[in-house]
Structure formats: C-alpha cells, structure tokens
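Per-entry structural report
So the chains spell out like this:
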Amino acid sequence: MSATDRPVVFRNGLILTMDDAHTVLPGADVLVVGGRIAQVGVGLTAPDDALEIDATGGILMPGMVDTHRHLWQTAMRGYGADWTLTQYFVWYYLESGKLFRPEDVYAGNLLGAIEAIDAGVTTTVDWSHGLQTPEHADAAVDALEAVDGRFVLAYGNIQQGPWEWATSPEFRDFHRRRVDGGKLAGFQLAFDVTGDPAFPERAAFEVARELGAAVTTHAGVWGATNDDGIRLMHENGFMTPLTVYVHAATLTQDSYNRIAATGGSVSVSTESEQSAGQGYPPTWQLRHHDIPVSLSMDTSVWWSGDLFSAMRSTLGADRSREHLEAHAKQETITHCHLRAEQVVEWATRGGARALGMDATIGALTPGRQADVVLIKNDASPVMFPILNPHGHVVFQAQRADVHTVLVGGRVVKRDGRLVGVDLAAARASVAATIDHLRETMGEEAWQRGMNPDVPETAILENPYQYTEWDAGSAQWKH
Ligand SMILES: [Zn+2]
C-alpha cells in the first residue's frame, strides 16, 4: 500500500469546509480515503489502518491556490525588496533574465514549489516566463514534478514575442512530450497583450485555442498594458471564462465590463500592486462588477509564497480604499463590505474556479481531492481563543502555523515538518545559481541591481519654529 492509499483522519478540528454555504463545523473530523475526502462530520468512523491526526485546537481548511507565481524567480528571493516595476523590467527583461540557464530555472522552481506546499498552498500556477529554450521548459517541469504539489505550468518567454515562441515547432514538441499525459495539474499560455493595433498576439491566442489551453495575461499594468489590450482580445473573440487577468489594476469600467461579460477572472496580487506600481489593488472595483477573484503572490524576488499575506493585504487594501473614497466625499464607512470570509473563499474556491478545477479542489466536501491544510500551533499564544474562524485565518494565522498539509491525500507536511523533501539539495541548487549570476554580472552590477537610488524626500515648510527642550530647566530653549 503506497502512502497515498493509506486513509487519513483528522480528529476534532474546527473545519472551514468552504462548501457553497461556507459551512463551519466545530469539533469535527475529516476522513480521507483513496486520496479524496470521504466524509466530513463529528465522530466519524475511520478504517483501522487510518493515520490519525489530532486537530484539537486547530483549524482545517482546503489547500490554498495561488494563480500567479513566477516560481523561477524564487532563486533570487528578496533581492528586489526595494524595486519598482522599473527595476524589475530592467533586471529581468533587459539585463539579467537571459543569464538564467536551465538549471537556474530548475533551482528557483524547486525551491518555490517546496515553499508553496510548506505554506499550505497546494495548487500553484507557475507563471513561467523565463523559458528561453525547450531545455529551460524541461527544467521547469522537472522541478515541478519533483515536488508533491499541484502545479499548473503557464508557459511563457519574455525574450521573444508570444507570436514567435508559441508557433514554434519546439513548443509543440514540448507540449506533446511534457503536457499530454504528464504529471502537471494543468497548462496555460502566459503572455501579455501590448495593445499594438496590429494585434500580433493573435497567433498565440490561436495556438492556445487549438491546444485547449487557457491564457493568463498581465492586464491593466500601469505603463505596460491597458484597455487597448483588453479591447483587442474581446473584439477578436479571445476572452473566455478560463482567461485569467493578472492585476487588472489600471483599467477603466469598459474593460471591467468586457471581463465580466465573458466570465473571466482576475488574479489579484495585492502586495505586488501596492509596491511595484501596477495600480491600486482592484478588488474594491471588481466587487462592483461581480468579477470572480483569485489571489496570488507574484514573485519571491520581492515577496513570499504566502497566501496568508495575500489574504491579509487584500482585505486591508480593499477597506483602505473604501474608507478613502468615502472620506473624499465627507462620508463615513460604518460597515465593511469585504469580509474575512470572502478573502478565504478567494484563496481557495476562487483559485479553483479560475483554473476550471472547482469540481476537484478548493473545498472540504466528499468526493473532492483531499488537499487539506491544518493550521495548528500549540506553542503559539495566537491560536486561542478562536472566535471568528475566517477572521482568525486572515488576521491571526501565518505560515509558520501550518502544521499538516495533504495533497491528494498524500501527507506532504506533518507536525510542522516537510515530508520527503530534500531541502539541502534545493539549497545547493539555489546556491549554485546565485554563484553563477553574481560572477557573470560582476559585483558592482549585483549590488547596483539590489540597491536602486533613493529619490530625495522634500521636507515641507513648517510655520512653527523648532526649539530644543531643556530637561534641566524643564523649559524650551530659545
Ligand atoms: Zn506577474
């Protein structure tokens, strides 16, 4: 009997099923048999050979779904913490992205994939736009297949136009070899639509249609993509319910109407939009257009693979904007529209729906794949009391509280420790990538890339005179 075949039963947890009614069950069990959720309820009978996991004091929820991660960039973790999109584009698109060898894509993907399951993100879209050659693409998939998570490969290549790489025989060959019948959870084409009236991206959309693959696209990114791209996609019939619009931050009502009318969804990367500058995180607008939302963390070159951060920052940004808009009209928001429960839904069901996987993942209901996260940390003062379970997940919990993770019934993390993961090997791969890049770029360029110039902050005129406090005489000095 293999590890996936052994039944698992979680006992006595607080269960956020994220079913259609968002049912919450206190003191309940989740039984997993044959990789699927068999039953959810109180005092379940489990097979004799079931692995029992005590969920007392913890929260059980569906595995989270990240619909937009550039996993290859995990090798540069934290390097761009002080970047804007300007530095990002210069570094990856123009200067250093082409220095990444297949083994460097492998290293980043491996570390990022491990990070995902460790944080309870059981399904990740690898928005893999560093695939300069078929060897790079093979390396990306090799890494994803080495980790027991669900990974959708979104194939891209920033060194060529999508009309070039998507129509090449090498791409077709890769698709035949690695996608059909492979281990990937799904396949998308990843490219941006520039708004060029000649619409050269048409050829790539046609390939996607022929392969039955969805397109994921950075849309509404200040200074890069805008309403023209959306209009061209719409007028040419390439907007579908499975199209994923990443960011969709700098767009007008007209684009939101086109997205809503064609059933697509937006992948909101709040931490990214807030510091890189794509535009204000758009959920406060998407809600009014009834556009489905999923969440994402974009890239570890700035942020982490942590959907707790995504939920928290998204809820904060939405409320912040709502208050700000009201104050500008001399009004007061007395009741928040966006609730914690809704962002938990976006982090789970929202992602599943965006990927067309809502029948199989995203909720703890019988028949679905057993992608389960137990948030439990008996040593933490933050794990009690748990009064508002969805709010607890969003504002109290963090990824270090992820105790146990199942993917398709397989235990990939238990008691806070990854299972069957060679972290030392991943570390060695990433170290080799860093050595390669640092040597090739040279120390000066390496440091300059990480430390962009700081613009001067103008100090405003102050009509009040600064004076020093004299503690001895307890008076202001003159
Ligand atoms: Zn992105």
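Structure's up top.
Given the structure is predicted, the values throughout are model-derived calculations rather than measurements. (Residues numbered from 1 in each chain as written. Predicted model: local features only at pLDDT ≥ 70, side-chain atom pairs only at ≥ 80, totals over all residues. Heavy atoms only, no water.)

1. Structural notes on the pattern of salt bridges
Any two side chains of opposite charge can pair, given that their charged atoms come close. Across all of its chains, the model carries 30 salt bridges by this definition. Across the pair Arg 178 and Glu 145 runs a salt bridge whose closest N-O atoms are separated by 3.3 Å. A residue pair is termed long-range when its members are at least 10 positions apart, and Arg 178 in helix α5 (residues 169-179) and Glu 145 in helix α3 (residues 134-145) qualify at 33 residues. Judged by its relative accessible area of 13%, Arg 178 is buried. Of the charged contacts, one joins Asp 254 and Arg 258 as a salt bridge, the two residues approaching to 2.9 Å between their closest N and O atoms. Taken together, the residues Asp 254 and Arg 258, both in helix α8 (residues 253-262) and four residues apart, mark about one turn of the helix. On the basis of relative accessibility, which here comes to 16%, the residue Arg 258 falls in the buried class. Put simply, Asp 138, Asp 142, Glu 145, Asp 173, Arg 176, Arg 177 and Arg 178 are held in one network by salt bridges that share partners. (Salt bridge = Lys/Arg side-chain N within 4 Å of Asp/Glu carboxyl O. Helix = DSSP H or I, 4+ residues; strand = E, 2+ residues; numbered from the N terminus. Buried < 20%, exposed > 50% of the residue type's maximum accessible area, 1.4 Å probe, protein only.)

2. Things to note about the sheet that holds strand β9 (residues 186-190)
Sheet architecture is open: eight strands sit in the order β6-β7-β8-β9-β10-β11-β12-β13, paired in parallel fashion. Both edges of this open sheet fall to β6 (64-69) and β13 (293-295), since each of them pairs with a single strand only. Neighbouring strand axes in the sheet, compared pairwise and without regard to direction, differ in orientation by 25 degrees on average. Of the pairings in the sheet, the one linking strand β8 (residues 150-155) to β9 comprises four bridges and is parallel in character. Pairing of Val 152 across the sheet is with Gly 186, part of β9. (Pairing = 2+ DSSP bridges. Axes fitted to C-alpha atoms, helices over the stretch in contact; angles between N-to-C directions.)

3. Some details on the coordination of the zinc ion
On the protein side, the zinc ion has His 68 (NE2), His 70 (NE2), His 218 (NE2) and Asp 298 (OD) as donor atoms, found 2.1 to 2.6 Å from it. Each of the four donor atoms around the zinc ion contributes to a set of angles spanning 80 to 173 degrees, which defines the coordination as irregular. Sequence spacing among the residues donating to the zinc ion works out to H-x1-H-x147-H-x79-D. Placement of His 68 in strand β6 and of Asp 298 in the loop between β13 and α11 (307-328) is noted, with a sequence separation of 230 residues between them. Here the two residues His 68 and Asp 298 agree in accessibility, since each one is buried. (Donors = N, O, S within 2.8 Å, 3.2 Å for Na, K, Ca; no water. Tetrahedral: all angles 85-135°; square planar, octahedral: opposite > 155°, others 65-115°.)

4. What to know about helix α14 (residues 423-441)
With 19 residues, α14 extends 27 Å between its outermost C-alpha atoms, agreeing within 8% with the 27 Å of an ideal straight helix rising 1.5 Å per residue. Just downstream of α14 lies Gly 442, where phi reads positive at about 90 degrees. (Expected span 1.5 Å × (residues − 1).)

5. A word on unusual backbone geometry
Of the consecutive residues Phe 384 and Pro 385, the connecting peptide bond is found in the cis state with omega at -10 degrees. Positionally, Pro 385 belongs in the loop between β14 (372-375) and α13 (389-396). We note that Met 18 has phi near 55 degrees; this positive angle belongs to a residue other than glycine. Mapped onto the fold, Met 18 is located in the loop between β1 (8-16) and β2 (24-33).

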